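Chain and residue survey
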Amino acid sequence: MLTNIRLISVREYHQMAEMGIFHPEERLELIAGQIIRMSAKGTAHESAITRTERLLRQRLGDKVLLRIQSPVQLDDYSEPEPDISVVKVNPLDYEDHHPNASEVFLLIEIADSSLKYDREVKANEYSKSGIIEYWILDVNGRKLYMYRLPSPDGYHSESILAEDVTISPLAFGDCAIAIRELLRKI
């Protein structure tokens with residue numbers, strides 16, 4: 001067990017980026033004070049993002065702002081970049097800050113190679129920060145992991161749903177989405 005770890009704050013992370021410490025093409029995110037290299041994006045991952053964004057945009061319209069692979073600030077030490085963030089509409093389109101937990105309706109991760117990390121690490125971080133709903137679309141297992149009821153020690157509700165189920169985000173009960181629509185192969 002390492003005891004002398006120096007955590008990096010969101011402010012320091014931004015300063016490092018501004019100073020050019022990271023390569024512009026490098027895919028990174030800050031989780032619990034640690035800079036994490038993100039997985040490469042595969043074609044199944046990208047097409048699932050496109051389908052999910054299209055469906056949410058069709059069904060939710062102007063009620064929300066959809067952000068794709070953009071930062072969400074969870075606290076002073078975590079700023080992940082979920083695949084899809086469904087957030088409150090902001091008059092400045094979040095020009096002056098990244099959305100925080102109180103501005104998030106739903107976070108979605110698309111997992112083709114990151115399922116274990118998304119379930120164990122990200123779910124814990126999202127729950128601790130109060131993200132009310134978190135979905136992981138498992139494109140390989142053709143399932144949706146749905147997390148609700150956040151607490152500091154994890155989500156109290158976790159459902160693993162097959163592709164023949166229809167769901168709605170908590171904040172938008174009238175927005176029915178068939179999991180099959182998110183997983184279909186083009």
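What comes next is a walk through the structure. Everything numeric here is computed off the predicted structure, so don't read it as measured data.

**A look at the pairing of strand β7 (residues 143–148)**
Burial analysis of β7 places five of its six residues in the buried class, which makes it a mostly covered element. Here strand β6 (residues 133–138) runs beside β7; their pairing, made up of six bridges, is antiparallel. Counted as the bridge partner of Trp135 is Met146 from β7. A loop of four residues connects β6 with β7, the two strands running antiparallel in sequence, and Arg142 in this loop sits at a positive phi of about 55 degrees. Of the strand pairs in this sheet, β7 and strand β8 (residues 157–162) are connected by six bridges, and their pairing is antiparallel. Counterpart to Leu144 in the pairing with β8 is Leu161.

**Concerning the sheet that holds β7**
Taking strand neighbours across the sheet as the criterion, the six strands line up as β3-β4-β5-β6-β7-β8 in an open arrangement whose pairing is mixed. Taken across any chain shown, the strands that pair with only one partner, and hence form the sheet edges, are β3 (65–68) and β8. Adjacent strand axes in the sheet meet at a mean angle of 15 degrees when their direction is disregarded. Contacts from helix α3 (residues 115–128) reach β5 (104–111), β6, β7 and β8, with the element oriented near 175 degrees to β6.

**Looking at the packing of aromatic side chains**
The final tally for this structure, using the stated rule, is five aromatic pairs. With centroids separated by 5.7 Å and ring planes inclined at 50 degrees, the aromatic side chains of Tyr13 and Phe22 adopt a geometry described as tilted. Ring centres 5.4 Å apart and planes at 25 degrees place the aromatic pair Tyr134 and Tyr147 in the stacked group. Placement of Tyr134 in strand β6 and of Tyr147 in strand β7 is noted, with a sequence separation of 13 residues between them. With respect to class, Tyr134 is no different from Tyr147; both count as buried.

**Some details on the pattern of salt bridges**
Within this structure, the stated rule accounts for 12 salt bridges. In this structure, Asp174 engages Lys63 in a salt bridge whose closest nitrogen and oxygen atoms are separated by 3.5 Å. You can see Asp174 sitting in the loop between β9 (166–167) and β10 (177–178) and its partner Lys63 sitting in the loop between α2 (43–60) and β3, a full 111 residues away along the chain. Residue class for Asp174 comes out exposed when judged on its relative accessible area of 62%. Between Arg142 and Glu163 there is a salt bridge, with the nearest N and O atoms lying 3.0 Å from each other. Residue Arg142 is found in the loop between β6 and β7, and its partner Glu163 is found in the loop between β8 and β9; the two are separated by 21 residues along the sequence.

Cut-offs used in this document
Residues numbered from 1 in each chain as written. Predicted model: local features only at pLDDT ≥ 70, side-chain atom pairs only at ≥ 80, totals over all residues. Heavy atoms only, no water. Buried < 20%, exposed > 50% of the residue type's maximum accessible area, 1.4 Å probe, protein only. Helix = DSSP H or I, 4+ residues; strand = E, 2+ residues; numbered from the N terminus. Pairing = 2+ DSSP bridges. Axes fitted to C-alpha atoms, helices over the stretch in contact; angles between N-to-C directions. Contact = heavy atoms within 4.5 Å. Phe/Tyr/Trp six-rings, centres within 6.5 Å; stacked < 30°, edge-to-face > 60°. Salt bridge = Lys/Arg side-chain N within 4 Å of Asp/Glu carboxyl O.

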